[in-house]
Amino acid sequence: MTARLDPLHGLTDTLEVSPEQGPQEDVPLAASPPRPGTWRLFRLGDLDVEVSFGLVPLLALVALILSTQLLPAQEEYRHDPVVYWLLGLFGAGLLFASLLTHELVQAFLARSQGIPITRVSVFFQGGQLPGERDVKSPASDALLAAAGPFTALSIAAMSAATLHFLGLAEGSLLRPLLWVLVIGNLLFGLTSLIPAYPLPGGRLLRSFFWLWTGRRLRGTELACLSGRVFGGLLAVGCLAHVVVDGAGASWLWGIALGTVLWLQAGMTWRRARVRELLAHRLVSDLMLTDGDPLPRHVSVADALLDVGPRPPGSRGPRGFLVEFQGRLGGIVSLRALRSVHEEERCSTTVWDVTEPLRDEHVLHPRTSALDALERMTELRLPVLPVLDDGELVGRLPLSALLAAVEAQEPAPQPAAG
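Each value, and the rule that gives it
Residues numbered from 1 in each chain as written. Predicted model: local features only at pLDDT ≥ 70, side-chain atom pairs only at ≥ 80, totals over all residues. Heavy atoms only, no water. Helix = DSSP H or I, 4+ residues; strand = E, 2+ residues; numbered from the N terminus. Buried < 20%, exposed > 50% of the residue type's maximum accessible area, 1.4 Å probe, protein only. Contact = heavy atoms within 4.5 Å. Areas by Shrake-Rupley, 256 points an atom, 1.4 Å probe, with all protein chains shown as cover. Pairing = 2+ DSSP bridges. Phe/Tyr/Trp six-rings, centres within 6.5 Å; stacked < 30°, edge-to-face > 60°. Axes fitted to C-alpha atoms, helices over the stretch in contact; angles between N-to-C directions. Parallel < 35°, antiparallel > 145°, perpendicular 65-115°, else oblique. Left-handed = near helix turned anticlockwise from the far one by under 90°. Nonpolar A, V, L, I, M, F, W, Y, C, P; charged D, E, K, R; others polar. Salt bridge = Lys/Arg side-chain N within 4 Å of Asp/Glu carboxyl O. Expected span 1.5 Å × (residues − 1). Bend = angle between axes of the 7 residues up to and from the residue. pLDDT = per-residue confidence, 0-100.

## A closer look at the overall build of the protein chain
Step number 1: A count of helical and extended segments in the protein chain gives 12 helices and 11 strands.
Step number 2: When each of the 417 residues of the protein chain is scored for burial, the buried share is 43%.
Step number 3: By sequence separation, contacts in the protein chain at least 24 residues apart represent 65% of the contacts at least 6 residues apart.
Step number 4: When the accessible area of the protein chain is evaluated, it comes to approximately 21900 Å², of which 63% is carbon and sulfur surface.

## Things to note about unusual backbone geometry
Step number 1: Of note in the backbone geometry, Arg380 takes a positive phi value of approximately 60 degrees without being a glycine.
Step number 2: In this fold, Arg380 is placed in the loop between helix 11 (369–379) and strand 10 (383–388).

## Examining the sheet that holds strand 8 (residues 327–333)
Step number 1: On the basis of which strands lie adjacent, the open sheet formed by four strands has the order 6-7-8-9 and mixed pairing. Of all strands in the sheet, those bounded by a partner on one side alone are strand 6 (294–295) and strand 9 (355–356).
Step number 2: The pairing of strand 6 with strand 7 (residues 319–324) spans two bridges and is classified as parallel. Bridging from a neighbouring strand, Leu294 pairs with Val322 of strand 7.

## What about the packing of aromatic side chains?
Step number 1: Within this structure, the stated rule accounts for three aromatic pairs.
Step number 2: Relative to Phe209, the ring of Phe208 lies with its centre 5.6 Å away and its plane at 55 degrees, an arrangement referred to as tilted.
Step number 3: By relative accessible area, Phe209 is classed as buried at 13%.
Step number 4: Plain terms: the ring middles of Phe208 and Trp212 are 6.4 Å apart, the flat faces sit at 20 degrees to each other, and that makes the pair stacked. Here the residue Phe208 and the residue Trp212 both occupy positions in helix 5 (residues 200–213), the gap between them amounting to four residues, near one helical turn.
Step number 5: Of the residues examined, Phe208 reaches a relative accessible area of 46% and is grouped as partly exposed.
Step number 6: Site record: aromatic cluster; members linked through ring pairs are Phe208, Phe209 and Trp212.

## Structural notes on the packing of helix 3 (residues 138–166) against helix 4 (residues 174–192)
Step number 1: The N-to-C vectors of helix 3 and helix 4 enclose an angle of 155 degrees; their axes lie 8 Å apart at closest approach. Taken together, the axes of helix 3 and helix 4 are roughly antiparallel relative to one another. Considering the relative orientation of helix 3 and helix 4, their crossing is left-handed. On the side of helix 3, the interface is formed by Pro149, Ala152, Leu153, Ile155, Ala156, Ser159, Ala160, Thr162, Leu163 and Leu166, while helix 4 contributes Leu174, Arg175, Leu178, Trp179, Leu181, Val182, Asn185, Leu186, Phe188, Gly189, Leu190 and Ser192.
Step number 2: Across the contact of helix 3 with helix 4, the residue classes break down as 16 nonpolar, five polar and one charged.

## Digging into helix 11
Step number 1: When helix 11 is considered as a whole, its buried residues turn out to be Ala369, Leu370, Ala372, Leu373, Met376 and Leu379.
Step number 2: One or two residues past the end of helix 11 sits Arg380, with phi positive at roughly 60 degrees.

## Observations regarding the pattern of salt bridges
Between side chains of opposite charge, pairing is possible as soon as their charged atoms come close.
Step number 1: This model, assessed by the stated rule, comprises six salt bridges.
Step number 2: Salt bridges sharing partners connect three or more residues here, namely Asp141, Arg203 and Arg206.

## A word on helix 3
Step number 1: Between its first and last C-alpha, helix 3 extends 41 Å over 29 residues, near the 42 Å set by a 1.5 Å rise per residue.
Step number 2: Maximal helix bending in helix 3 amounts to about 30 degrees, located at Ala147; proline Pro149 follows within four positions.

## Considerations on the confidence of the model for the protein chain
Step number 1: Chain-level pLDDT for the protein chain is 75 on average; 79% of the residues reach the 70-or-more range.
Step number 2: Taken together, the stretch residues 2–31 has pLDDT below 50 and engages in 64 contacts with residues farther than four places along the chain or on a different chain.
Step number 3: Note that pLDDT drops below 50 for residues 411–417; the model gives that stretch zero contacts with residues more than four away or on any other chain.

See the structure below:
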């Protein structure tokens, strides 16, 4: 497998246009977009600040509850409904600003610890701390874990102090907005301290176990176990209350929360185990050198005939590199090829459904396998090209990473007798 990309630095060159597209002109490589499921809000120095798509409906729900229920009841319906709607929207905006502050504090604190943070994503995510894999000590881990709850509780305390010292009279429009900040940040901060990994409270517990055992992975295992125990007890306790005394919104919410915590702790432990197994492997150890990129002008129908059956023992989504006039042009997943309607597969080319090549798609043979897995997960691509000094030397499919993990997992012990 050989192909050239010019120039050799950063893949910033342009791709040529085929003759059937008309005169030759430069077509730049696609710009680096925000992560899937987010859009870029702004850039602060070299830090990209992104907002999760899922935050918009949540903020809209918060604004609706504030406008139609909480604020009118608190103010005894002194104002017109339009005023409450404006207050609700403004209150949701203040909560968003609190979440943004929470994420920025964590990011800058992580940078002060020498952890390379290039982007943050604003969401009600309760403890998905930046740079988790780069934390080097239990003390640093505890500091980063405490930053989020401390920020939220500090905002709540400052809002309560402002409310107290201003002595705002009943009917003041500033009074309900300050109460939104107090209650919202207080709930967020206290909920974050639940000792269930990967919430910040669970991260604090992990740092203790890490210090106690002297092993990061063992600390993570114990913290995840604590999270599963906590989530399971919460779900079972709330379910028992529902069975005995009947369903209530708070008890049903407790069942849902306990179940989520139980599942999330298990998933977090599996991810931590995968990180441990791939931490010392390189892309060069796992990459494949067989096969050539798909020609871009081939129809989707012909491409599906040529890809062949899945290799024995492999699992996970499949993907292929795509050629563009003798050079590497992009990546296409088998799922994207199959998503083309059967009647259109003969008239649709592979290039029509190909993800154009970008800088972050390219791996080096010395890249760690863990970095490659995290990049694939972030980009949602099942294969990435491997280049050395501008030359295509191989490809790394997701199936190869999964096989490497499975090969290192301990085999199940046969049952006694």
